[in-house]
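Here is what each chain is made of, one letter per residue.
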Amino acid sequence: MLFMPVSVTRIAGRYLAHQEGLPKLPVPPLQQTCERYLTALTPIVDPEELNHTRQLLEEFQKPGGVGDRLQKGLEQRVFLSLYHFHSYLDYRMPVVIHSSPGVILPRTEFSDRQGQMRYAAKLIAGVLDFKSMIDNETLPVEYLGGKSLCMNQYYQVLSSCRIPGTKRDNVVNYALDKRPPTHITVVHNFQFFVLDVYNSDGTPLTVDQIYIQLEKIWNSSLQSNKEPIGILTSNHRNSWGKAYNNLIKDKTNKESVRAIQKSIFTVCLDAPMPRASDDMYRTRAGVQMLHGGGSRWNSGNRWFDKTLQFIIGEDGTCGLIYEHAPAEGPPIVSLIDHVVEYMKSSEMVRTPMVPLRMPQKLRFNITPEIKKDIEEAKQNMNIMVHDLDMKVSVFSHFGKDFPKSQKMSPDAFIQVALQLAYYRIYKRCCPTYESASLRMFRLGRTDTIRSTSIDSAKFVKAMDDPARHKVALLDKAVKAHRAYTDMAIRGQAIDRHLLGLKLQAIEDLAALPEIFMDTSYAVARHFNLSTSQVPAKTDCVMCFGPVVPDGYGVCYNPMDAHINFAVSAFNSCQDTNATRLAQALEDALLDMKTLLEQTPKAKL
């Protein structure tokens, strides 16, 4: 889930040759990170705490001291990006809500079941079309500000799957096998099928052929009383790791699980969800993508460890969910944009009828112990479903067009509005995370844009004071965000560096340095606002859960004349409310626009 600051251009090029020329991730200078860390703490911790941290940092930075040693160790490491990858795999909370983002695609109206099948067939053909560019290494290389970007994540999202462990997970990628997978998995009424999508000569099936195969799957999975084996993948990772080891003791189960893991991607043919009013439709679609609605609905119609799962509801609710370890948002969004375009032009052509094999149904032997694990996963899933508070909305008053007309970065403008919305509700500034792409570097993943700055704090505190002149403060806040963004995408932000130093300390030292035991560090890492801009050509929006119990997840896609927002919170926290923050955000955006329009340009 990442932010790309200016438009990304694509130029055709060979993947591997281009990858070799990318620089490796830099390790920023220690003194620079310590200074920037103090600056970032200023608006979010009290002065006394800040003073204490300043003293700890002075000690940490002394020549020949602890910081120096850790810095040298870090500089000798090959790849800091591995820390990022492992942080996902070490994370033990369920991937559902806590880690895997969902994407809501534009609403479609299916008049009948055939409509659902036709849509699914076109979508599958579109993904296979995108896959051919990956396989032939003809995927256009992306450039940002004249610099080429790492394309590695595109090669990780198909034919890959997360495998649970009792202490740490791993990811397998079968795309690199001598004989890469040629099948996808389709799940309907909790029943999994292997669908071969290539002919024996290596050509992909046509839309028409895929449609016929989907019909066969549908007709042989009409019973809706099957055990939802897929719901096991939604449990706490340690619990699922144990249940997994138990599940695959049985040879049939092991082969069925392996077929799902090896598949290119998964298609979930969902049962219709309870009807929602038009203004609630997007929100309901968002929760269906994130968790499936609970064990009574579609939560068992998933394999949440699969990197890519496309969800096609009988009622026209469509989207996807992806497992976050292998990739961030932009490669997923590029794939979506390609598939949506492909589906517009792809018509179902009658193809000569070569008889196709019946798709294979995957069998599972459910022992009493596995049944117990399924019941536990159902209960836990339903608790998570009840706890998620979600609001997906369209801000229709303006889009990227207005901030651009003011010569302001649209992303920075939206982030400052978020700061204002939060401040108006809570009367304080909070630690805020926005993901920044490190794809200028080889295997680069993300770093943190800390949106709460000294300048944003000055602006939000002044905004509702009639006596203050606020336009200059808004301008400074937007520019500060823009500057931090530029710093982050060039590998010079602080969070990845501090995490690297901390992990190096865990490896090298008997005791953790005091700066990592400090209250300020705990406060700085407690992101009450976890945010991401995921721009797409398609009128879609990504959504994800908060990263702390008393926090919010905010994702947005700024289109030219409107902005799609998804805001999440937890019902178990009395202080947070997704609808309230979404409304405050709308008010903040409108008030900032009014402020700029009421002030003659010369005053800027």
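Values in this document were obtained by computation on a predicted structure and should not be read as measured data. Once a new chain begins, its residue numbering starts again from 1 and follows that chain's sequence as written. The model is predicted, so local features are restricted to residues of pLDDT at least 70 and side-chain atom pairs to those at 80 or more, both for listing and for counting; the totals for chains, interfaces and linings are taken over all residues. Side-chain metrics rest on all non-hydrogen atoms present in the structure, leaving aside hydrogens and water.

Time to look at the UniProt feature "binding site: CoA" (unreviewed entry) in the protein chain. UniProt positions are given in the numbering used here, feature names are shortened, and annotations may be inferred rather than shown by experiment. On the UniProt side, "binding site: CoA" (unreviewed entry) is annotated at positions that read K400, K404, S405, Q406, K407, M408, S409, P410, D411, S437, R482 and Q533 here. What stands out for the annotated residues spanning 134 residues is how far apart their C-alpha atoms range, the widest pair being 25.4 Å apart. Comment: elements are numbered from the N terminus, with helices defined as DSSP H or I runs of at least four residues and strands as E runs of at least two. Its place among the elements puts S409 in the loop between helix 13 (401-405) and helix 14 (410-426). Each residue is placed in one exposure class: buried if its accessible area under a 1.4 Å probe, protein chains only, is under 20% of its type's maximum, exposed if it is over 50%, and partly exposed if it falls in between. For S409, a relative accessible area of 15% gives the class buried. We call two residues contacting when some pair of their heavy atoms lies within 4.5 Å. Leaving out residues up to four positions away in the same chain, S409 has contacts with P403, V478 and R482. Within the secondary structure, R482 is located in helix 16 (residues 471-489).

The span one expects for a helix is its residue count, reduced by one, times 1.5 Å. In this model, helix 11 (residues 329-345) (17 residues) spans 25 Å end to end at C-alpha, consistent with the 24 Å of a helix rising 1.5 Å per residue. Regarding helix 11, the residues found buried are G329, P330, P331, I332, V333, S334, L335, I336, D337, V339 and M343.

Let's shift gears to the pairing of strand 6 (residues 170-173). In this description, strands pair whenever DSSP reports at least two bridges between them. Of the strand pairs in this sheet, strand 5 (residues 160-163) and strand 6 are connected by four bridges, and their pairing is antiparallel. Each bridged residue has a counterpart across the sheet, and for I163 the counterpart in strand 6 is N170. The turn joining strand 5 and strand 6, which pair antiparallel and follow one another in sequence, is formed by six residues.

It is worth spelling out the nonpolar core at this point. Generally speaking, nonpolar side chains in soluble globular proteins are found buried as a group. Counting 57 residues, the largest nonpolar core has I124, I184, L214, F265 and L308 as its most contacted members. Of all elements in the fold, only helix 6 (113-135), strand 7 (183-188), strand 8 (191-196), helix 7 (207-219), strand 9 (266-270), strand 10 (308-313), strand 11 (318-322) and helix 11 reach the threshold of two or more residues within this core. Per element, the largest residue contribution to this core is twelve residues, and it comes from helix 6. Other than its neighbours up to four places away in sequence, I184 contacts I124, F193, V194, L195, V197, S263, I264, F265 and V267. Buried Ala, Val, Leu, Ile, Met, Phe, Trp, Tyr and Cys residues form a nonpolar core when they are joined through side-chain atoms within 4.5 Å.

Not every positive phi belongs to a glycine, and I97 is a case in point at roughly 70 degrees. Tracing the backbone shows I97 in the loop between helix 5 (81-90) and strand 2 (102-104). Here N189, not a glycine, exhibits a phi torsion of approximately 50 degrees, which is positive. Locating N189 in the fold gives a position in the loop between strand 7 and strand 8.

In this scheme Phe, Tyr and Trp rings, the latter by its six-membered ring, pair at centre separations within 6.5 Å, and the angle between planes marks the pair as stacked below 30 degrees, edge-to-face above 60, and tilted otherwise. Overall, the coordinates contain 17 aromatic pairs when judged by the stated rule. Ring centres 4.9 Å apart and planes at 85 degrees place the aromatic pair F395 and F398 in the edge-to-face group. An identical accessibility class is assigned to F395 and F398; each is buried. With a centroid separation of 5.9 Å and an interplanar angle of 45 degrees, the aromatic rings of Y556 and F565 are classed as tilted. Of the residues examined, Y556 reaches a relative accessible area of 0% and is grouped as buried.

In sheet architecture, strand pairing relies on hydrogen bonds along the backbone and comes in two forms, parallel and antiparallel. Ordered by their spatial adjacency, eight strands build an open sheet running 12-8-7-9-10-11-2-17, and the pairing between neighbours is mixed. The outermost strands of the open sheet, each flanked by one partner alone, are strand 12 (360-361) and strand 17 (541-543). Note: strand 9 against strand 10, five bridges, orientation parallel. Looking across to strand 10, one finds that D270 is bridged to G313.

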